[in-house]
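Residues per chain, in single letters:
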Amino acid sequence: MTLSLKHPLTPFVDTLPIPPRLVFSEPGRAVVRLETAEHRFHRDLSPSRVWTYGGSVPGATIEINRGVELEVRWENHLTGRLPVVVTVAPEYAVDGVPTQCLPGRSGGVPDTAAAALSGYSVVHLHGAMAQASSDGWTENIAAPGQAVLDTYPNDQRAAMLWYHDHVMGVTRFDVYAGLAGLWIVRDDRERELELPEGPPYELTLLLTDRNFDTDDAGNLTGDLLHKTDPEVMECFSPFTTVNGTIWPHLDVEPTTYRFRLLNGSNARTYRLVLTRDGEPDHQRITQIGTEGGLLQAPVSIPQQGLVLASAERADLLVDFSDLAPGTDLTLWNSASAPFDGTAVDPASAGRADLEGLLPYPEVLRIRVKEGRRSRRRVPRVLATDFRRTSRDELSGATIRAIALVEQESKSEGAPPMLTMRELVLDPGTDEPAITLVEPQANGEERVTRWRTVATRFEDTTTFFPMLHRPEIWRLINLTGDTHPIHLHLDPFQVLDRHPATVDQPADGITTGGTSATVRLGHAPDDGISHELDDNELGLKDTVRVNPNEVVDIVVRFAVFCGRYMYHCHILEHEDHDMMRPFVVMPPELMPFMDMHASREDMPDMRMADS
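Before going into details, it helps to say that this report is about the structure given with it.

Criteria and cut-off values
Residues numbered from 1 in each chain as written. Predicted model: local features only at pLDDT ≥ 70, side-chain atom pairs only at ≥ 80, totals over all residues. Heavy atoms only, no water. Helix = DSSP H or I, 4+ residues; strand = E, 2+ residues; numbered from the N terminus. Contact = heavy atoms within 4.5 Å. Pairing = 2+ DSSP bridges. Axes fitted to C-alpha atoms, helices over the stretch in contact; angles between N-to-C directions. Buried < 20%, exposed > 50% of the residue type's maximum accessible area, 1.4 Å probe, protein only. Polar contact = N/O pair within 3.5 Å; in protein donor to acceptor, adjacent residues only side chain to side chain. Phe/Tyr/Trp six-rings, centres within 6.5 Å; stacked < 30°, edge-to-face > 60°. Lys NZ or Arg CZ within 6 Å of the ring centre and 35° of its normal. Salt bridge = Lys/Arg side-chain N within 4 Å of Asp/Glu carboxyl O.

**Brief notes about the environment of Thr460**
Item 1. The topology assignment puts Thr460 in the loop between strand S32 (445-454) and strand S33 (471-477).
Item 2. Residues Thr460 and His522, 62 residues apart in the sequence, show an inter-C-alpha distance of 34 Å.
Item 3. If sequence neighbours within four positions are ignored, Thr460 has contacts with Ala454 and Arg580.

**What about the sheet that holds strand S35 (residues 493-503)?**
Item 1. Overall, mixed pairing links the eight strands, which are arranged S29-S30-S32-S31-S36-S35-S38-S33 in a closed barrel. When the angles between neighbouring strand axes are averaged without regard to direction, this sheet yields 30 degrees.
Item 2. In the sheet, S35 pairs with strand S36 (residues 516-520) via four bridges, with the strands oriented antiparallel. In the sheet register, Val502 faces S36, and the bridge partner there is Val518.

**What about the side chain of Asp319?**
Item 1. Along the polypeptide, Asp319 turns up in strand S26 (residues 313-319).
Item 2. Accessibility expressed as a relative area gives 13% for Asp319, which makes it buried.
Item 3. At a separation of 2.7 Å, a polar atom in the side chain of Asp319 contacts the side chain of Ser321.
Item 4. If sequence neighbours within four positions are ignored, Asp319 has contacts with Thr255, Thr256, Arg284 and Arg375.

**A few points about the side chain of Thr542**
Item 1. Its place among the elements puts Thr542 in strand S37 (residues 542-545).
Item 2. Ignoring anything within four residues of it in the chain, the contact list for Thr542 reads His126, Glu291, Ser310, Ala311, Glu312, Pro484, Ile485, His486 and Phe492.

**Section: the environment of Val307**
Item 1. Residue placement: Val307 occurs in strand S25 (residues 306-308).
Item 2. Sequence separation between Val307 and Thr461 is 154 residues, and the spatial gap between their C-alpha atoms is 33 Å.
Item 3. When sequence neighbours within four positions are dropped, the list of residues in contact with Val307 reads Thr269, Tyr270, Arg271, Glu312, Phe339 and Arg544.

**Overview of the packing of aromatic side chains**
Item 1. The full count for this structure, using the stated rule, is 22 aromatic pairs.
Item 2. When the ring of Phe259 is compared with that of Phe320, the centres are 6.4 Å apart and the planes differ by 50 degrees; the resulting orientation is tilted. Separated by 61 residues along the polypeptide, Phe259 in strand S20 (residues 256-263) and Phe320 in the loop between S26 and strand S27 (328-333) bring together distant segments of the chain.
Item 3. For Phe259, a relative accessible area of 5% gives the class buried.
Item 4. Aromatic ring contacts, followed pair by pair, group Phe463, Trp473, Phe557, Tyr564, Tyr566 and Phe582 into a single cluster.
Item 5. Its end group placed over the ring of Tyr176, Arg210 keeps NZ or CZ at 4.3 Å from the ring centre.
Item 6. One Lys or Arg, Arg400, reaches over the ring of Phe463 and ends 5.1 Å from the middle of that ring.

**Details of the pattern of salt bridges**
Item 1. Tallied over the entire structure, the rule returns 43 salt bridges.
Item 2. One salt bridge connects Arg157 with Asp385, and the closest N-O pair in it is separated by 2.8 Å. Of this pair, Arg157 sits in the loop between strand S11 (147-152) and strand S12 (159-165) while Asp385 sits in the loop between strand S28 (362-368) and strand S29 (399-407), placing them 228 residues apart in sequence.
Item 3. Given the relative accessible area of 46%, Asp385 is considered partly exposed.
Item 4. The closest approach of N and O atoms between Arg258 and Asp315, which form a salt bridge, is 2.7 Å. With Arg258 in strand S20 and Asp315 in strand S26, this pair connects stretches of sequence that are 57 residues apart.

**Observations regarding the environment of Pro465**
Item 1. In this structure, Pro465 sits in the loop between S32 and S33.
Item 2. Here Pro465 falls in the buried class, since its relative accessible area comes to 1%.
Item 3. C-alpha of Pro465 to C-alpha of Pro586: the two residues are 121 residues apart in sequence and 8.7 Å apart in space.
Item 4. Setting aside residues up to four positions removed in sequence, Pro465 forms contacts with Arg400, Glu471, Trp473, Phe557, Phe582, Val583, Val584 and Met585.

**What about the sheet that holds strand S10 (residues 123-126)?**
Sheet strands line up and pair through hydrogen bonds in the backbone, either parallel or antiparallel.
Item 1. Across the sheet, five strands lie side by side as S1-S4-S13-S12-S10; this open sheet has mixed pairing. The open sheet has two free edges, formed respectively by strand S1 (21-24) and S10, since each of these has just one partner strand. On average, each strand axis in the sheet is tilted by 20 degrees relative to the strand beside it, whichever way the strands run.
Item 2. Here strand S4 (residues 59-65) pairs with strand S13 (residues 180-186) via five bridges, running parallel. When the bridges of S13 are listed, Glu63 appears paired with Ile184.

Interpretation in functional terms is not warranted from these geometric data alone.
What follows is the structure, given as structure tokens:
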């Protein structure tokens, strides 16, 4: 099923583009110009004005060996105003069709503040282990005509990172305008495994969703359109692009390819289903890595499809060696929006879901062509440089709790405020608190109370993790949506997913307080598995936290100290204050931190039985 547009775009007519590559084998310096340019998203569309890294969408893929230090001079040459029409539609549906499923403004009211934006920039290398001064702090803004020199050690595991804009409050617009590119770190371990490296058999696939304005006759123009509506603050655009092209096609030889996937969308989650002859065909896909690099061992993708929320990545080997030339396969998205983790039948792939803001499920068409026929052996052992951390090893570790909260705006017609509410263990508090009820192995229940100590990005910093010391960060979702939570700096491990029931009073969320009772281990009938997938057992920098769920991650900062951030990677949430700072400190400096906070303000959050 597809919507009937006046001039619909034809799927699978444009060839999948390969972004330019910049390969570095020795320490050096690169100059990347942020430029205003034109880009054609589809052959049937007029060129779009975009903001770019180096003149292309996406920007060049930077490839570099582990330990090779690279200085990048990010030169801001952006000209003109924001190349995106930003609107809020006055109604949720037009003739029964949700406005976000439609191109054009649908009577939406243009955002005059967004229209006045010029090209201020902050570049964040997402997934990089770098000094705080080169992390892309959201308020370290460069104006057009200015340049920033950042240093990236690249002394980390082989992985696919990505660089994107991170300007405070308008990240959603700048990334939507085109400011994103890929960065690949390679190391000797990967090369020992003889995995495909570089085109044509290793391909980077950057997925984004985009929308476009229409002219007075209802025809699609090339003007980018960021459209929301009063009920859904996130931007869920109807057209999926891969490497900046809507619904491209890819010709492959009958051999094994390596697909490096990134969900670079503002808010849309993808549940990717590969079909052949109308049936799911996942057995030919093996996942070997995530955001932090190689898994310990290869895994199959989940039966219902590969789920990637914003900023999540997947490293896949796809075997086409058994297929005859002329065979077609199609990659579809089956995830509704806003995404809440609910399972679906993979056989539904290819069907539109208007209620779920998925009018066009098409992603990519793959066709087998004549060529060398070979099957690549998938190594049984991939990574040998890390192991899973057990709870027994974390006895006495600091536990930091964060509630993911949505608070209705006090201003009529304004979007809700989303915040990361940092909590402190405070059993004697009379203030509003989150009560966690956890079942114990002996059949009893453990009850703890957590008081809110910070709600907004600019509130006082309360998280001071110490270098080399592992901590448990507990993410408590009090909303109805799935949130992809991203930590800057070191990758982490996902320890557990806990199903939970949430009892929240009507006045449980105030400007500075949070009240709820959260019972862990009580699985509601919500259609969500609340289990860790096999592909979540490696190193991650972004984790999905579903509704009715508490997720524990193991965080350990190993090299750099300084001020960093963590936040929801739904960019509309991040820009509406779902972001908080933290400061990594050497342990020997902590006794001197009472100049910033008293011992009462920084209570001990260690728990003997974690």
